Amino acid sequence: QFVFGGGVYVNGSSSFEMSGEAKIKGCQAISNSSYSSNGGGVYVSSSSFVMSEKAQIEDCKAISNSFKSSNGGGVFLANGTSLTLSGNAVIQNCTATNSVNSGEAYGGGVRAFYVREITLADRASIAGCAAANGSGLYITGSTTPGYGILYANGGSVDGDIVLGDTTEGPCTITGSGETVFNGKVTVTPGSTIESGTFNGEVINNGTITGGVF
């Protein structure tokens, strides 16, 4: 049980890859102090993270028992990190919670902060996760070109998505458009949907130039 990365912590130029039938299960990042809890399963900063084949992160939790937030029940990405989910890789049944302020919980499956890019491909999925904000995915980028990009090239995301943030930076969903989004998607000012299939409610405060709704 750690504040940053309950299962794996990666910080720096090294990358982290899960493949085959690799699994991270039941890990927790718990904060009882002045630190946020980040990445119940995996914390990656200034690096890259690849999940492929049948890799799984499941039943992990980011838990805050203080006024600080909890972020990324399954995965927390920070500072220019990239994430690729392909094959049958899955992040599932993960949770971000805050026992002091229930609203301070972000990204049940994945919380991406100042992220470079996320790629979803093949049959990869984020499913069954929970958080007050972005139960599936909470992603923020940067005003720096090439940041905050979600490539919707396949797979699916269940649960809510928050796309971008007026403070931390906008985001764009782009790519081939084969990803299916089954939950509510909130597009914040400055953020954009260019492609994808959206089966749930879409709240648009940004720009929509493409996609199937």
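Parameters and conventions
Counting starts from 1 at the beginning of each chain's written sequence and moves along it residue by residue. Whole-chain, interface and lining totals are the exception, using all residues; otherwise, since this is a predicted model, local features are given only for residues with pLDDT of at least 70 and side-chain atom pairs are given and counted only at 80 or more. As a rule here, side-chain values come from all non-hydrogen atoms in the structure, and water together with hydrogens is ignored. Strands are runs of DSSP state E lasting at least two residues, helices are runs of H or I lasting at least four, and both sets are numbered from the N terminus onward. Partly exposed describes any residue whose relative accessible area lies between the buried limit of under 20% and the exposed limit of over 50%, with all areas from a 1.4 Å probe on protein chains only and scaled to the type maximum. To define a nonpolar core, start from buried Ala, Val, Leu, Ile, Met, Phe, Trp, Tyr and Cys residues and group those joined through side-chain atoms within 4.5 Å. For this analysis, residues touch if any pair of their heavy atoms sits within 4.5 Å. Strands are treated as partners if at least two bridges between them are detected by DSSP. In this scheme Phe, Tyr and Trp rings, the latter by its six-membered ring, pair at centre separations within 6.5 Å, and the angle between planes marks the pair as stacked below 30 degrees, edge-to-face above 60, and tilted otherwise. Between Lys or Arg on one side and Asp or Glu on the other, a salt bridge is scored when a side-chain nitrogen of the former is within 4 Å of a carboxyl oxygen of the latter. To count toward a patch, a residue needs a relative accessible area over 30% and no salt bridge; like charges are then connected within 9 Å, while nonpolar side chains (Val, Leu, Ile, Met, Phe, Trp, Tyr) are connected within 5 Å. Accessible surface area values rest on a Shrake-Rupley calculation with a 1.4 Å probe, where residue burial reflects the displayed protein chains alone. To define axes, lines are fitted to C-alpha atoms, for helices over the stretch in contact only, and angles between the resulting N-to-C directions are given on a 0 to 180 degree scale.

Caption draft 1: A look at unusual backbone geometry. At Ser46, a position not held by glycine, the phi torsion is positive, near 55°. Relative to the helices and strands, Ser46 is located in the loop between β6 (42-45) and β7 (48-51). Not every positive phi belongs to a glycine, and Tyr114 is a case in point at roughly 50°. Following the sequence through the fold, Tyr114 ends up in the loop between β16 (110-113) and β17 (117-127). By relative accessible area, Tyr114 is classed as partly exposed at 30%.

Caption draft 2: Spatial organisation of the nonpolar core. Counting residues in each nonpolar core, the largest one holds 41 residues, and the members touching the most others are Phe49 and Ile57. Sort the elements by how many residues they give to this core and β17 lands first, with four residues. Beyond its immediate chain neighbours, meaning those up to four positions away, Ile57 contacts Met18, Ile24, Gly41, Val42, Phe49, Met51, Gly74, Val75, Val90, Ile91, Gln92 and Cys94.

Caption draft 3: Examining the pairing of β16 more closely. Note: strand β11 (residues 75-78) against β16, four bridges, orientation parallel. Residue Ala78 lies in a different strand from β16, and its bridge partner there is Phe113. One ladder, built from three bridges, connects β16 with strand β18 (residues 137-139); its direction is parallel. When the bridges of β18 are listed, Val110 appears paired with Leu137.

Caption draft 4: Just the packing of aromatic side chains, in detail. Applying the stated criterion across every chain yields a total of nine aromatic pairs. Taking the centre distance of 5.3 Å and the plane angle of 20° together, the rings of Tyr43 and Phe76 count as stacked. You can see Tyr43 sitting in strand β6 and its partner Phe76 sitting in strand β11, a full 33 residues away along the chain. Here Tyr43 matches Phe76 in class, with each residue buried. Three or more aromatic residues joined by ring pairs form one cluster here, namely Phe4, Tyr9, Tyr35, Tyr43 and Phe76.

Caption draft 5: Local environment of the pattern of salt bridges. Going through the model one piece at a time under the given rule, you end up with three salt bridges. Note that Glu58 and Lys23 form a salt bridge whose closest N and O atoms lie 3.5 Å from each other. Here the residue Glu58 occupies a position in strand β8 (residues 56-58), and Lys23 occupies one in strand β3 (residues 23-25), the gap between them amounting to 35 residues. Glu58 gets classed as buried once you look at its relative accessible area, which sits at 8%. In this structure Lys23 comes out as partly exposed when scored by relative accessible area, which is 47%. Arg111 is paired through a salt bridge with Glu168; the nearest N and O atoms lie 2.9 Å apart.

Caption draft 6: Local environment of a nonpolar patch on the surface. Together, Phe4, Tyr9 and Tyr35 give the surface a local cluster of nonpolar side chains, amounting to about 320 Å² of exposed area. Relative to the elements of secondary structure, Tyr9 occurs in strand β1 (residues 8-11).

Caption draft 7: Representation of the sheet that holds strand β4 (residues 28-31). Here three strands make up an open sheet; going across it, the order is β4-β9-β14 and the pairing parallel. One side of each edge strand has no neighbouring strand; the edge strands of this open sheet are β4 and β14 (95-98). Strand-to-strand twist of the sheet, defined as the mean angle between neighbouring strand axes without regard to direction, takes the value 5°. Across four bridges, the pairing between β4 and strand β9 (residues 61-64) is parallel. Residue pairing for β9: Ser31 is matched across the bridge by Ser64.

Caption draft 8: Structural context of the environment of Ala96. With respect to the element layout, Ala96 can be found in strand β14. Put simply, Ala96 and Ser135 are 39 residues apart on the chain and 8.2 Å apart in space, counted from C-alpha to C-alpha. The contact partners of Ala96, leaving out residues within four places of it in the chain, are Ala62, Ser70, Gly72, Gly73, Ala105, Tyr106, Gly107, Gly108, Ala130 and Ala131.

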